[in-house]
Amino acid sequence: MFLGTYEPKLDEKGRIILPAKFRDEFSTGVVMTRGQEHCIYVFSTREFEDLHEKIRQAPVTSKQARDYLRVFLSGASAETPDKQHRVTIPANLRGYAGLERELTVIGAGSRVEIWDTEAWETYLAEQEATFANTNEEVIPGLF
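Being a predicted model, the structure only gives us computed values, none of them experimental.

Draft legend 1. Summary view of the sheet that holds strand β5 (residues 77-79). Spatially, the six strands line up as an open sheet ordered β1-β7-β8-β4-β3-β5, and their pairing is antiparallel. The open sheet has two edge strands with one neighbour each: β1 (5-6) and β5. Bridging between strand β7 (residues 103-107) and strand β8 (residues 112-116) involves five bridges; their strand directions are antiparallel. Paired with Leu103 across the bridge in β8 is Asp116. On the sheet, helix α2 (residues 45-55) packs against β3 (30-34) and β4 (40-44) and is oriented at approximately 100° with respect to β4. Most of the contacts of helix α3 (residues 63-74) go to β3, to which it runs at about 130°, and overall it touches β3 and β4.

Below you can see the structure in the form of structure tokens.
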């Protein structure tokens with residue numbers, strides 16, 4: 001499970017150093033793709049394979065499913081961390097997420113998300129009040 005918030009820097013070659021707590025899970029490779037809210041989703045290879053099995057169950061007759069899968073999978077890129085635990089973020093994904101040098105990497109359970117720091121701070125500020133004032137069950141069985 002991925003948890004926490006980290007602030008690595010994007011280097012001039014479009015690479016980041018993976019947070020130490022994530023390295024074991026990502027040692028054999030990662031799959032990056034477009035995330036919602038213009039961040040990048042990062043999955044371990046194993047987790048992405050499991051996700052892909054679920055995706056394959058989507059009915060090909062559903063236009064909404066086809067549209068989602070096209071956007072989600074066409075942006076996917078398999079990457080392998082180097083010996084310094086750096087991973088390259090492909091240029092198309094950096095552009096999609098508006099990444100500059102300052103990044104925020106968050107653990108989101110089964111995946112990691114990479115955000116431009118300014119975009120993350122804006123998103124978090126907008127969502128914190130809603131989070132604090134949630135008075136209904138958003139996730140069944142959680143509270």
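Draft legend 2. Representation of unusual backbone geometry. Positioned with a positive phi, Glu37 is a non-glycine residue whose angle comes to about 60°. Structurally, Glu37 is set in the loop between β3 and β4. For His38, which is not a glycine, the phi torsion comes out positive at approximately 60°. Looking at the element boundaries, His38 is found in the loop between β3 and β4.

Draft legend 3. Quick peek at the UniProt feature "domain: SpoVT-AbrB" (unreviewed entry) in the chain. Under the UniProt annotation, "domain: SpoVT-AbrB" (unreviewed entry) lies at residues 5-47 and 76-119. Taken end to end, residues 5-47 comprises 16% helix and 35% strand; its first and last C-alpha atoms sit 20 Å apart. Secondary structure content for residues 76-119 is 23% helix and 36% strand, and the end C-alpha separation is 21 Å.

Definitions and cut-offs
- Residues numbered from 1 in each chain as written.
- Predicted model: local features only at pLDDT ≥ 70, side-chain atom pairs only at ≥ 80, totals over all residues.
- Heavy atoms only, no water.
- Pairing = 2+ DSSP bridges.
- Helix = DSSP H or I, 4+ residues; strand = E, 2+ residues; numbered from the N terminus.
- Contact = heavy atoms within 4.5 Å.
- Axes fitted to C-alpha atoms, helices over the stretch in contact; angles between N-to-C directions.
- UniProt positions renumbered as here; feature names shortened; annotations may be inferred.

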